[in-house]
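Structure assessment
Listed below are the residues making up each chain.
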Amino acid sequence: MKLFRSLLLAGQLLATVAAQQWPLHDDGLNDVVQWDHYSLMVHGERLFFWSGEFHYWRIPVPELWQDIMEKIKAAGFNAFSIYVHWGFHSAAHGELDFESGAHNFTRIFDMAKELGLYMLVRPGPYINAETTGGGFPGWLLTGDYGTLRNNDTRYTEAWTPYWDAMSKLVAEHSVTNGGYVLLYQIENEYGEQWTNVSARTPNETAIAYMELLEASTRQNMVNIPTSFNNPNLGSKAWSLDYDINHVGGDVDLYTLDNYPSCWSCNLAECTSTNGFPPDFTTFDYYTNFQETAPTQPSILGEFQGGSYNPWGGPQGGCISTTGPDWVNVFYRNNIGNKIAGQNIYMLFGGTNWGGLPFPLVGTSYDYSAPIAESRLLTDKYSETKLLSYFVRAAKDLTKVERAGNGTTILTGNPDVFAQALRNVDTGSHFYITKHTNTTLMSYLTFKLNMTTSLGQLQVPRYAPNIVLNGRQAKILVADFTAGAETLIYSTAEILTVSVQDNKPIIVFWVPTGESGEFYLKGAKHGSVARCEGCANVAFHSASEGLIVSFMQNRGMTVLMFDTGVKAVILDRSTAYAFWQPTISADPNVALNETILVKGPYLVRTATVDNGTITLTGDYNGTTELEVFAPLETGTAGWSGGGYNHNSWGGQDNRKVAFNGQSIAVRSTRYGSLVGSLSAPNATVGTIQASIPALTNWKVADGLPERMASYNDSGPGWKPANKTSTLNPWQPETYPVLYADEYGFHTQTILWRARFTGSATGVYLNVIGGVASGWSAWLNGVFLGSTLGNVSLSETSATLSFAGNATTVAGENVLFVIQDHMGHDETSGVLNPRGILNATLLSLGNSENCTFTSWKVAGQAGGESNIDPIRGPLNEGGLHAERLGWHLPGFDDGAWTSGSPEQGLSEAGAKFYRTNLSLDLPRDVDASLAFELDAPAGAQLRAQLYVNGYMFGMRLPSIHALSYALL
């Protein structure tokens, strides 16, 4: 014990020394947003920046954005982040669309203000995001604008109009102008400041590029802090603290990106041979932040929220690798590393409709995120919410230093590692405990040696030892501030605190069946007002208050104390259905501007006005509703272990409404209101029964271009006759057969070539990105295909002109159809899409075996953006797409009957259409999906269109995802 005390005293001394006077920063333009070593500050108030990412362009239905944002708010976040996709808004050089349909996303700024969510806006110009070209527009990727992401004047001229428009939009909605945009990110994961990081040798080209972006930002009146997300722990780029020689290009706020688990559902990509540690290994971020940005708050600009699903990945995503237990351990580890902000990538993933994805990802961008692609809430959402609410309640987390970490000294168990944080003003402590080896799933017990205002305490004193059961971490507190009250310690995690009628309701949670203990300062008496799943509840008198020990099974327990404090104890399953809506639009909400609700699937919003608590939310079936809200008509008093209702008139006049409907409620002895939400008339079963079968299909030939007689003289076909390109990847044969050179930047590309002579075959090398396929015909006779491979970006074949596929006297027509799976990212954005090599083969004299002409077709209108609502990435060059067969209202009266289940009997393409009449209840949010099934290995590629949107792709030969969500 003597050793324990002396070491802890040394730790306290170190913490005191570390609590130096750190400089207070701002952007030099105003002091609305400031920051220091500890945290961000907005209007002088410290903020723990708790954010999640969603991409409006991956859910191009503006009416659904409100749903996503309300779910973000309901989970306890105070901010969200968006990437802005340049290519989604720009069909052609000099053209920008921020007006049409989902391209007009200004309503997101308004909704953020209404809901009370700060925004991190990340406009690139390059964003990565597993999207085609990393968000660059297709017209930029020809080589005509240089190698990009540098200070080349051609590239600068290209991005300037876009950056001007975005900066002006952000300036208008920034927190300094009455909006809620808090931070503006410059570039993305561009860790290029140094050619030698340790020597701090500057990369002048990269610095000049960043300074051009920053100067444009300020010229367009953006007066909030600029930020940058460093791509890894090693590059240490664009931090004013690390740039001791002031070489330039630095932003206001350095942040760090990290993905400690496999970023892909394909675990083969993330093995030790590829530099990955064993799965479930936590990382040290504290050291990086102290070395790179010690005078700034430690913010993770992107932290892993899941993993993308590649072609060939598991159906439904890879939730098992970054599931609720992963959230529990890794997000708590981040807090143990003294982070002061975190942006979870992704919080809602969405759908890779149209030509949005880069080649490696499938239709789904579910990302195994907390909010599923279907917009349904997952257990991962609920687990994240448990920590979000704690971060909201733990105001002291915004000014902490490390107060030590280790095993035996703090926990007495070498298998349990604890990280201690101490608020330098209040002395409150946070202990983050986890397995020393987080890859293990062992059952561990321990006592925790805490530093408290009463001295050193080993806890628990009465309850069973603290438990880490498998992959689990816990944040335990000492001298925790709960309104005007203090918890001297707790061995149960705190879910949240809501201050009502000037007294706190402290909500604890434990895994089902576990025990806990807390020490409430100032209390002398307590009683059990509700016992649902509780056991072994005991009250122990102590020198400064009351120690309570308990065990909690499934359910909710309520304790009442003579000080007016209430304690609510939940098991995990009950905590998942527990909500803390705010009654103000302040993102950094005060705890006396919150209420508590138990029961519904989701509580979106709450207001309290003139004794009426108005809630909006979702529920499924008959649901008990319990509300903890201010009395407003007076303050309840303590009398004999229960509330004395006579102290406020003897009658509870509060009312509750849910989704506009009045709910009959009764008051409980502990001050809550209990009622029931009746089962809706519509159920999952009745909705499913109301959806008609997909019948009455019609079919038409979808590939007439393969025939020699097809007329390609129309305006949709362009001569492919360029003899040079600035693309650094030069073709093997000419003319240049790169689709981007001719204004076609997405999805299916068609090529038609003519030649005369006695060729015996053709060699084709086609590049379309990994998983791409292509097929060829000679004079309407099928020659062969490549089906796609997730490891190959380009595929080649030698095709023989034999049998029926022989040349004819005079002109011959070679037709090639290829997939464009999206442009590659980072250094590969200029990789072409098209035909690298097209060589006719002959056994004899080859002088006449050359192509006389090439033509190319792609998206209807090319760069003209003739469908501005759906935008430039929605469709490719299939015959059906170019003629509008996929659009609502197209007249298919002349088509014949035929079902996609019949399929094709020979190589080609068919297009099927049917109408689906839906009659869903107006008050029900029903998530619908199409299931596309085909035998494994079936040699086909299928695309699904819904109301004109190319909604999903199916590649059974490489086991792609088999569903598309509405």
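Residues numbered from 1 in each chain as written. Predicted model: local features only at pLDDT ≥ 70, side-chain atom pairs only at ≥ 80, totals over all residues. Heavy atoms only, no water.

The chain appears in an unreviewed UniProt entry as beta-galactosidase from Friedmanniomyces endolithicus. UniProt, in its Catalytic activity (unreviewed entry) section for the chain, records the words "Hydrolysis of terminal non-reducing beta-D-galactose residues in beta-D-galactosides." Quoted verbatim from the Sequence similarities (unreviewed entry) field of UniProt, the annotation for the chain is "Belongs to the glycosyl hydrolase 35 family." (UniProt positions renumbered as here; feature names shortened; annotations may be inferred.)

Remarks on the overall build of the chain
Within the chain one finds 13 helices and 58 strands. Here the chain has a C-alpha radius of gyration of 31 Å; the compact-globule value for 966 residues is 30 Å, and the two agree. Partitioning the intrachain contacts of the chain with sequence separation of at least 6 by distance along the chain shows that 70% fall at a separation of at least 24. On the chain, roughly 34600 Å² of surface is accessible, and the fraction owed to carbon and sulfur atoms is 50%. Of the charged side chains in the chain, 58 are positive and 88 negative; the average position of the first set lies 7 Å away from that of the second. (Helix = DSSP H or I, 4+ residues; strand = E, 2+ residues; numbered from the N terminus. Rg over C-alpha atoms; globule rule 2.2 N^0.38 Å. Contact = heavy atoms within 4.5 Å. Areas by Shrake-Rupley, 256 points an atom, 1.4 Å probe, with all protein chains shown as cover. Lys, Arg positive; Asp, Glu negative; His and termini not counted. Charge placed at Lys NZ, Arg CZ, Asp CG, Glu CD.)

Topic: the pattern of salt bridges
The final tally for this structure, using the stated rule, is 33 salt bridges. With a closest N to O distance of 2.7 Å, Asp-67 and Arg-604 form a salt bridge. On the criterion of sequence distance, the pair formed by Asp-67 in helix H2 (residues 62-74) and Arg-604 in strand S33 (residues 602-609) is long-range, its members being 537 residues apart. Within this structure, Asp-67, Glu-70, Lys-71, Arg-375, Arg-604, Asp-618 and Asp-925 form a network of salt bridges that share partners. (Salt bridge = Lys/Arg side-chain N within 4 Å of Asp/Glu carboxyl O.)

Remarks on the sheet that holds strand S46 (residues 761-767)
An order of S44-S51-S46-S49 is seen for the four strands of this open sheet, with the pairing classed as antiparallel. If you trace the sheet from one side to the other, it starts and ends with strand S44 (737-738) and strand S49 (794-800), each paired once. Both S46 and strand S51 (residues 834-841) contribute to a ladder of seven bridges, which runs antiparallel. Across the sheet, residue Gly-761 finds its bridge partner in S51, namely Leu-841. (Pairing = 2+ DSSP bridges.)

Digging into the state of the cysteines
Under the definition given, this model contains one disulfide. Put simply, Cys-531 and Cys-534 are joined by a disulfide, and their sulfur atoms are 1.8 Å apart. On the sign convention where negative means left-handed, the S-S torsion of about -110 degrees between Cys-531 and Cys-534 marks this disulfide as left-handed. With relative accessibility at 46%, the residue Cys-531 sits in the partly exposed group. With a relative accessible area of 18%, Cys-534 lands in the buried category. (Disulfide = S-S within 2.5 Å. Buried < 20%, exposed > 50% of the residue type's maximum accessible area, 1.4 Å probe, protein only.)

Regarding helix H5 (residues 153-172)
Here H5 contains 20 residues, and its C-alpha end-to-end distance of 28 Å stays within 8% of the 28 Å for a straight helix at 1.5 Å per residue. Taking the largest bend as the criterion, H5 deviates by roughly 35 degrees, centred on Trp-159, and proline Pro-161 comes between one and four positions later. Listing the buried residues of H5 in full gives Tyr-155, Thr-156, Ala-158, Trp-159, Tyr-162, Trp-163, Met-166, Ser-167, Leu-169, Val-170 and Ala-171. In this structure, the buried side of H5 is in contact with helix H3 (86-89), helix H4 (106-115), strand S6 (118-122), strand S7 (181-185) and helix H6 (204-219). (Expected span 1.5 Å × (residues − 1). Bend = angle between axes of the 7 residues up to and from the residue.)

Section: the environment of Glu-291
Tracing the backbone through its elements, the reader meets Glu-291 in helix H7 (residues 286-292). Here Glu-291 falls in the partly exposed class, since its relative accessible area comes to 44%. Filtering out sequence-adjacent residues up to four positions away, Glu-291 remains in contact with Lys-236 and Tyr-242. A distance of 2.9 Å separates a polar atom in the side chain of Glu-291 from a polar atom in the side chain of Lys-236. (Polar contact = N/O pair within 3.5 Å; in protein donor to acceptor, adjacent residues only side chain to side chain.)

Brief notes about H2
In a regular helix each residue adds 1.5 Å, so 13 residues correspond to 18 Å; H2 covers 19 Å between its end C-alpha atoms and thus fits that length. Where burial is concerned, most of H2 is hidden: ten out of the 13 residues are buried. Among the residues trailing H2, Gly-76 stands out with phi positive, at a value near 100 degrees.

A short note on the environment of Val-507
Locating Val-507 in the fold gives a position in strand S24 (residues 503-510). For the pair Val-507 and Thr-557, spaced 50 residues apart in sequence, the C-alpha separation works out to 9.9 Å. In this structure, Val-507 is in contact with Glu-493, Ile-494, Leu-495, Thr-496, Val-568, Leu-570, Phe-578 and Leu-596, ignoring residues within four places of it in sequence.

Description of unusual backbone geometry
Residue Gly-124 is joined to Pro-125 through a cis peptide bond whose omega torsion reads 10 degrees. By secondary structure assignment, the location of Pro-125 is in the loop between S6 and H5. Put simply, Tyr-734 and Pro-735 share a cis peptide bond, and its omega is 10 degrees. With respect to the helices and strands, Pro-735 occurs in the loop between strand S43 (717-719) and S44. Positive phi values are uncommon outside glycine, yet Glu-130 reaches one of about 55 degrees. Structurally, Glu-130 is set in the loop between S6 and H5. Overall, Glu-130 belongs to the buried group, its relative accessible area being 10%. One non-glycine residue, Asn-696, lies in the positive phi region at around 55 degrees. As for its position among the elements, Asn-696 is in the loop between helix H12 (684-690) and strand S42 (698-701).

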